[in-house]
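# Descriptive structure summary
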Amino acid sequence: MSPKLNTPVQTQMVVPLFRSSHSGDYEGNGRVDGKPPKRRVFVQTETGCVLGMELDRGDNVHTVKRRLQLSLNVPTDESSLTFGDMILNNDLSSIRNDSPLLLTRNLMHRSSSTPCLSPTGKALQQRDKSGVIEILGRSKLFARTNELVKDIVKAIKYGVEPIPVNSGLGGAYYFSNLKGESIAIVKPTDEEPFAPNNPKGLVGKALGLPGMKHSVRVGETGYREVAAYLLDHDHFAKVPPTALVKITHSIFNVNDSVNGNKLKNKTVVSKIASLQQFIPHDYDASDHGSSSFPVSAVHRIGILDIRLFNTDRHAGNLLVKKLDSVGKFGQVELIPIDHGLSLPESLEDPYFEWIHWPQASIPFSEEELEYISNLDPVRESEMLRTELPMIREACLRVLVLCTIFLKEAAAFGLCLADIGGMMSREFQDHVEEPSELELICLEARKIIADREILFTESRDRGRYSRDLDFEDAVVATTPILSQESLGESSFQYELKGINGWNPLFKLDESIEEATVDEVPTSEVLTKAHQRPNRDPSTISRLSLSLKKFGFSEKCQRSRSGKHEATYPLDSTFGVRKSAKELLPQTTSFVKLADMNEDEWIMFLDTFVELLFPALVDRKSLSISSRWNQRLGASCQF
């Protein structure tokens, strides 16, 4: 009988460590005897098995699957090898060194009866030659993490054991140095909530399926932890150094069956995990009142949360460290951690604990405004594609959209609480309503769709009448969004839509499950998750478009336009929904991932055009409305 997706899945045995060396340095990176260096990849099955393997020049998807079958005894028929958005057909030439790949099954129904087999004698031919801890990536930004890894490996060699973290819903472990001091926290991707090897009984989903948040897949929170660190330029918000690693130890959890029971006999296993520097602290923000928190610290963390569209910034993941040195008695420092539920694949309801705090209503300082103005979302996206090539394109689009929104709102004079309020949804009469940000996105998509309809109708009419001048017909109602004119249109829009269109139209996200007992086939997965081919000119076009969006210039155009755009915004706060349920039913109002590159650029152009009237309305709200009680809860890891 085929189980439903919300039932626990079979966990297979993880390959033991074949190499006894504790070194974290990979021996296959250099050129040997004039031959080009071999690439190495770490392949993970959807149930958590991990195998590091070297790729020869002639290797392809078929040979990788064959090695997995020999080493791990996992079935590879009707399966796909994926790398972020990409489903690899056969060629592996685009996969860079130290990349994590995921093997997923394509069957419409996943069986929980897959036997748990041990590696055979043939598996010894497919040796995992990687060290105890391997950083997946060679960025200079991981220099501090590399020092941590060396200290941890040395401690493991001398028998210093890691300690499991009892709090939270996912598996996490403190790793120490030779002195026994905790210096890092490790979170395996297959021990996240609802992942196959979760040690706290919250199992039930294979890696790659929607998890705690439908817009964040199981097994992918670790990527987001690293992305938050990489995006914290100049250590502005003080995110601790974080890297993605392949790590091997017997402390990690492996469940023995669909019941999620832990194996009694510990086995040395390899995991893909996030590794973050442990910061000694005195308490977290939930243990102390927020009145003593520095305004600058709250602002800097809030700026990061806005950029990342953080859906889980609760007080428990804000560490508080006392600064009792000379001249700093009574002062504290805030350290933000746990960014695994940031950068979702679609807009949903964020959670900003600081939105309650009075510091969030204080205007940004000149230094903070300068930092915000210097943010470049296009360059940041390209940096993440380089450092975390497995990150999904939809996540990068959320980053770009939220950074543009932050830059425009801050330049207009909005404070942190106002910006967070525009991004947050409200409950009115027990119905979840889209946020002001989502309403603007919906209207932008509607305008683009209407223009496409006009174009199609005019093209069809032109087949029968050569006298129709389509250019004259369209220019009167929509801006011309060519490469030369992106960002320069001065047209204003009526925001009521056409034919009574309802802006609260709900859109189904491609990542959500159509039914709980179905899994997309290979063909469906390819269409839904294949990263679109990127035109080399797209980056420069998008960058050019954004550079032309000087906000003061936009404001001038909006004021001088013939028709002042109006935007229906609710000026009263409702009651925030409770998120205490393990899997809350979330609604997706806005899709970003289904647009091609040209549509995406036009969407951003239209979004900024529509943003000004919304910012005017938000700024005109009475100060008292900011202090209405906003109830909510978060999903603590």
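The preceding data block contains the structure.
In this text, all values refer to a predicted model and were calculated from it rather than measured experimentally.

The rules behind each value
Residues numbered from 1 in each chain as written. Predicted model: local features only at pLDDT ≥ 70, side-chain atom pairs only at ≥ 80, totals over all residues. Heavy atoms only, no water. Helix = DSSP H or I, 4+ residues; strand = E, 2+ residues; numbered from the N terminus. Buried < 20%, exposed > 50% of the residue type's maximum accessible area, 1.4 Å probe, protein only. Contact = heavy atoms within 4.5 Å. Pairing = 2+ DSSP bridges. Axes fitted to C-alpha atoms, helices over the stretch in contact; angles between N-to-C directions. Salt bridge = Lys/Arg side-chain N within 4 Å of Asp/Glu carboxyl O. Parallel < 35°, antiparallel > 145°, perpendicular 65-115°, else oblique. Core = buried A, V, L, I, M, F, W, Y, C linked by side-chain atoms within 4.5 Å. Left-handed = near helix turned anticlockwise from the far one by under 90°. Nonpolar A, V, L, I, M, F, W, Y, C, P; charged D, E, K, R; others polar. Phe/Tyr/Trp six-rings, centres within 6.5 Å; stacked < 30°, edge-to-face > 60°. Lys NZ or Arg CZ within 6 Å of the ring centre and 35° of its normal. Expected span 1.5 Å × (residues − 1). Polar contact = N/O pair within 3.5 Å; in protein donor to acceptor, adjacent residues only side chain to side chain.

## A look at the overall build of the protein chain
Tallying secondary structure elements over the protein chain gives 14 helices and 16 strands in all. Residues counted as buried form 56% of the 637 residues belonging to the protein chain. For the protein chain, the share of sequence-separated contacts (at least 6 apart) that also reach a separation of at least 24 residues comes to 77%.

## Section: the sheet that holds strand β2 (residues 50-55)
Across the sheet, which stays open at both edges, the 5 strands sit in the order β2-β1-β5-β3-β4 with mixed pairing between neighbours. The outermost strands of the open sheet, each flanked by one partner alone, are β2 and β4 (86-88). The sheet shows a mean angle of 35 degrees between the axes of neighbouring strands, taken without regard to direction. With 4 bridges joining them, strand β3 (residues 79-83) and strand β5 (residues 99-105) adopt antiparallel strand pairing. When the bridges of β5 are listed, S80 appears paired with T104. Relative to β2, helix α1 (residues 61-72) is tilted by about 135 degrees, and along the sheet it contacts β1 (39-45), β2, β3, β4 and β5.

## Comments concerning the pattern of salt bridges
Tallied over the full model, the rule gives 26 salt bridges. With its nearest N and O atoms 2.5 Å apart, the salt bridge here joins E393 to R385. Across the pair, exposure class does not vary: E393 and R385 are buried alike. Notably, a salt bridge pairs R618 with E436, separated by 2.6 Å at the nearest N-O pair. Of this pair, R618 sits in helix α14 (residues 597-620) while E436 sits in helix α9 (residues 436-462); the two residues are 182 residues apart in sequence, bridging distant segments of the chain. Per residue, the accessibility class of R618 equals that of E436, and both read buried. By sharing partners, the salt bridges in this structure join R217, E220, R224, E345 and R392 into a single network.

## Here we look at the packing of helix α4 (residues 295-308) against helix α7 (residues 393-412)
Where α4 meets α7, the axes come as close as 7 Å, and the angle between the chain directions of the two elements is 135 degrees. As far as their axial angle goes, α7 and α4 are oblique. Counting all contacts with α4, which are made through I303, I306 and R307, the residues of α7 involved are L399, C402, T403 and L406.

## A short note on the pairing of strand β9 (residues 182-188)
By the criterion of burial, β9 is predominantly enclosed, with 5 of the 7 residues buried. Inspection of the sheet shows strand β8 (residues 173-176) paired to β9 by 4 bridges, in the antiparallel sense. Counterpart to Y174 in the pairing with β9 is I185. In this structure, the hairpin formed by β8 and β9 is closed by a connection of 5 residues, where G180 is found at a positive phi of approximately 85 degrees. Two elements, β9 and strand β11 (residues 269-277), share 5 bridges in a ladder whose sense is antiparallel. When the bridges of β11 are listed, I185 appears paired with Q276.

## Describing the sheet that holds strand β10 (residues 242-249)
Here 6 strands make up an open sheet; going across it, the order is β6-β10-β11-β9-β8-β7 and the pairing antiparallel. In this open sheet, the two edge strands, each paired with only one partner strand, are β6 (133-135) and β7 (163-164). Of the pairings in the sheet, the one linking β7 to β8 comprises 2 bridges and is antiparallel in character. Within the sheet, the bridge partner assigned to P164 lies in β8 and is Y173. Sitting on the sheet, helix α2 (residues 143-157) is in contact with β6, β8, β9, β10 and β11, with an inclination near 175 degrees to β6.

## Regarding the nonpolar core
In this structure, F175 and L384 are the most contacted members of the largest nonpolar core, which totals 65 residues. At 7 residues, the largest contribution of residues to this core is made by helix α3 (residues 221-231). If near-sequence neighbours (up to four positions away) are discounted, F175 is found in contact with I152, I156, P162, E181, S182, I183, A184, V186, I247, H249, I251 and F252. Judged by nonpolar contacts, the second largest core, of 64 residues, contains Y371, C415, F589 and L611.

## Focus: the packing of α7 against helix α8 (residues 416-423)
Packed helices, taken two at a time, are described by the angle their axes make and the gap between the axes. Interaxial distance between α7 and α8 falls to 10 Å at its minimum, and their mutual angle equals 140 degrees. One finds that α7 runs oblique with respect to α8. For α7 against α8, the interelement crossing comes out right-handed. Contacts between α7 and α8 pair C402, F405, L406, A409 and A410 from the former with I419, M422 and M423 from the latter. Split into classes, the residues belonging to the contact of α7 with α8 amount to 8 nonpolar, no polar and no charged.

## Details of the packing of aromatic side chains
By the definition in use, this model includes 9 aromatic pairs. On the basis of an interplanar angle of 15 degrees and a centroid distance of 5.7 Å, the ring pair of W600 and F603 is categorised as stacked. Pair noted here: W600 and F603 are both in helix α14, with a separation of 3 residues, about one helical turn. Sitting over the ring of F412, K619 keeps its end group 5.2 Å from the ring centre.

## With respect to the pairing of β11
β11 sits mainly inside the fold: 9 of its 9 residues count as buried. The alternating pattern of β11 places V269, K271, A273, L275 and Q277 and S270, I272, S274 and Q276 on opposite faces, both of which are buried. Pairing of β10 with β11, which is carried by 8 bridges, proceeds in the antiparallel orientation. Within β11, the position partnered with T242 by the bridge is Q276.

## Things to note about the environment of H235
Here H235 lies in the loop between α3 and β10. Residue classification places H235 among the partly exposed residues on the basis of a relative accessible area of 39%. H235 sits 65 residues away from R300 along the chain, and the two C-alpha atoms are 9.9 Å apart.

## Thoughts on α1
Here α1 spans 16 Å end to end across 12 residues, near enough to the 16 Å set by a 1.5 Å rise per residue. Residues of α1 that are buried include every one of V61, V64, K65, R67, L68, L70, S71 and L72, and no others. Buried positions along α1 lie against β1, β2, β3, β4 and β5. N-capping of α1 is provided by N60, with a side-chain oxygen placed 3.0 Å from the backbone N of H62. Immediately downstream of α1, the backbone of N73 shows phi near 55 degrees, a positive value.

## Topic: the environment of N198
Looking at the secondary structure, you find N198 in the loop between β9 and α3. Along the backbone, N198 and N255 are 57 residues apart, and their C-alpha atoms lie at a distance of 7.7 Å. With sequence-adjacent residues up to four places away left out, N198 is seen in contact with L169, G170, G171, D190, E191, E192, P193, V203, N253 and N255.

## So, the side chain of Q44
With respect to the secondary-structure elements, Q44 resides in strand β1. Overall, Q44 belongs to the buried group, its relative accessible area being 7%. Setting aside residues no more than four positions away along its own chain, Q44 makes contact with C49, V50, L101, L102, L103, T189, D190, L207 and I272.

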